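Structural overview
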Amino acid sequence: MQLTRERAITLHRRMWRWIGLKTLREKRCVRKEEWFERFGLKTIYSDCYCCEYARQFFPYSDWRNTRCFYCPIDWGVKRDCCGEGALFKLWCHEIDMENWQEAGKLALQIVELPEKEELHSERII
C-alpha cells in the first residue's frame, strides 16, 4: 500500500480513535486487528499505518534497523512506539492484562500524539 505522510497520519488517528471509543463503549479490549476486520481492509505491516508508511523508504532488509526513523509520529521516547514508557507499549500491556478502561484511555491519548518534524530527505525507493 502506497501512503502519503498525511494519509498515514490521518488513518493512524482514525484507527486509534475508533479503538479507544469502541473499547470504552463496549467495556472490553479492542485490538488493532479488529479495525481491519470491521471495515474489510487488507491488513498492513504491524497493523499500523505509520509502519506501513515508513516501510516505503528503504529495502526490506534494512527494515529492522531504520523503520522507526521514518515513523511520522513523535512517540516522545527514544525507541519510538516500542520504547520504555511509550503509549503504544503501555497500551499493549493493558491489552494483555485485559484492563479495558486503561487501554481505552491510552488509545485516545495515542490519537493526540504530535507529528514528527517532516524529513525533507524522504523519498520512496
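The structure under discussion appears in the preceding block.
Please read all numbers here as calculations on a predicted model, not as lab measurements.

Here we come to the packing of helix 5 (residues 87–96) against helix 6 (residues 100–111). Packing of helix 5 against helix 6 brings their axes to within 9 Å, and their N-to-C directions diverge by 160°. The orientation of helix 5 with respect to helix 6, classified from their angle, is roughly antiparallel. Classified by chirality, the crossing of helix 6 by helix 5 is left-handed. When helix 5 is examined against helix 6, the residues L87, F88, L90, W91, E94 and I95 are found in contact with a partner set consisting of E102, A103, L106, A107, Q109 and I110. Partitioning the contact of helix 5 with helix 6 into residue classes produces 9 nonpolar, 1 polar and 2 charged.

Moving on, we get to the pattern of salt bridges. Scanning all chains against the criterion turns up 7 salt bridges. For K116, the salt bridge is made with D80, and the minimal N-O distance between the two is 3.5 Å. A residue pair is termed long-range when its members are at least 10 positions apart, and K116 in the segment after helix 6 and D80 in the loop between helix 4 (63–66) and helix 5 qualify at 36 residues. Connected through shared salt-bridge partners, K22, E26, R28 and E34 make up one network.

With respect to the helices and strands, the residue H93 is situated in helix 5. Owing to a relative accessible area of 43%, H93 belongs among the partly exposed residues under this scheme. Sequence separation between H93 and A103 is 10 residues, and the spatial gap between their C-alpha atoms is 8.5 Å.

Considering all chains together, one arrives at 9 aromatic pairs under this definition. When the ring of W18 is compared with that of W35, the centres are 5.7 Å apart and the planes differ by 70°; the resulting orientation is edge-to-face. Of this pair, W18 sits in helix 1 (residues 5–26) while W35 sits in helix 2 (residues 32–38); the two residues are 17 residues apart in sequence, bridging distant segments of the chain. As far as the burial class goes, W18 and W35 line up, both buried. Ring geometry for W18 versus F39: centroids 5.7 Å apart, planes at 65°, classification edge-to-face. Taken together, the residues span a long stretch of sequence, with W18 in helix 1 and F39 in the loop between helix 2 and helix 3 (49–54) at a distance of 21 residues. Owing to a relative accessible area of 15%, W18 belongs among the buried residues under this scheme. Residue class for F39 comes out partly exposed when judged on its relative accessible area of 39%. Members of the aromatic cluster, each reached through a chain of ring pairs, are W16, W75, F88 and W91.

How each quantity is defined
- Residues numbered from 1 in each chain as written.
- Predicted model: local features only at pLDDT ≥ 70, side-chain atom pairs only at ≥ 80, totals over all residues.
- Heavy atoms only, no water.
- Axes fitted to C-alpha atoms, helices over the stretch in contact; angles between N-to-C directions.
- Helix = DSSP H or I, 4+ residues; strand = E, 2+ residues; numbered from the N terminus.
- Parallel < 35°, antiparallel > 145°, perpendicular 65-115°, else oblique.
- Left-handed = near helix turned anticlockwise from the far one by under 90°.
- Contact = heavy atoms within 4.5 Å.
- Nonpolar A, V, L, I, M, F, W, Y, C, P; charged D, E, K, R; others polar.
- Salt bridge = Lys/Arg side-chain N within 4 Å of Asp/Glu carboxyl O.
- Buried < 20%, exposed > 50% of the residue type's maximum accessible area, 1.4 Å probe, protein only.
- Phe/Tyr/Trp six-rings, centres within 6.5 Å; stacked < 30°, edge-to-face > 60°.

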